[in-house]
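Coordinates in review
Residue strings, one per chain:
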Amino acid sequence: MSKITELTAELARPVVEACGCTLWDVEYIKEAGSWYLRLYIDKEGGVSIDDCEAVSRGVDPLLDEADPIQDAYTFEVSSAGADRPLKKPEHFNAFMGAEVDVKFYKAVNGQKSATGILAGYDDNSVTLNVGGEEIAYDKKEIAFVRLHVSF
């Protein structure tokens, strides 16, 4: 599967950038019995439906030509979102100092989640500043990290 997402990213990146956006992530997942290939894009000031459409129209024929997926799938282009997941080192570096939500696979220190200021990231851990205290969480315990959105 990583070959599919890597090839898709390679094909999509020039189109995404030509549309004035950046490629945030690519995922190829099965949901409710159907396969989905999703591009998540970002843009200073926010992504519009027109941005998603332009990227989709530019990338779709490239995917048809390269034909990286043998099975039927649905292709979608979406904004990375305000509560976007942080997955790659460059994601963590871009949002160092931002408030994030961390969800654990099982309770850590009696909690299934934590919210704090992203204070560090390396191959083994994610560090949050929670109430003035820096706490490092083992990446093996973390299900996901997302930007915190408050209303």
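Description of the structure in this document. (Residues numbered from 1 in each chain as written. Predicted model: local features only at pLDDT ≥ 70, side-chain atom pairs only at ≥ 80, totals over all residues. Heavy atoms only, no water.)

**With respect to the nonpolar core**
Counting residues in each nonpolar core, the largest one holds 20 residues, and the members touching the most others are L37, L39, I41 and V59. Secondary structure elements with two or more residues in this core: α1 (2-18), β1 (22-31), β2 (34-42), α2 (49-66) and β3 (74-79). No other element matches α1, which puts five residues into this core. A80, V108, L128 and L147 belong to the second-largest nonpolar core, a separate cluster that totals 17 residues. (Core = buried A, V, L, I, M, F, W, Y, C linked by side-chain atoms within 4.5 Å. Buried < 20%, exposed > 50% of the residue type's maximum accessible area, 1.4 Å probe, protein only. Helix = DSSP H or I, 4+ residues; strand = E, 2+ residues; numbered from the N terminus.)

**Some points on α1**
Taking 1.5 Å as the rise per residue, α1 with 17 residues should run 24 Å; its terminal C-alpha atoms sit 24 Å apart, in good agreement. Maximal helix bending in α1 amounts to about 40 degrees, located at A12; proline P14 follows within four positions. Within α1, burial applies to I4, T5, T8, A9, A12, V15 and V16. Just downstream of α1, G20 is the residue with a positive phi angle, here 80 degrees. (Expected span 1.5 Å × (residues − 1). Bend = angle between axes of the 7 residues up to and from the residue.)

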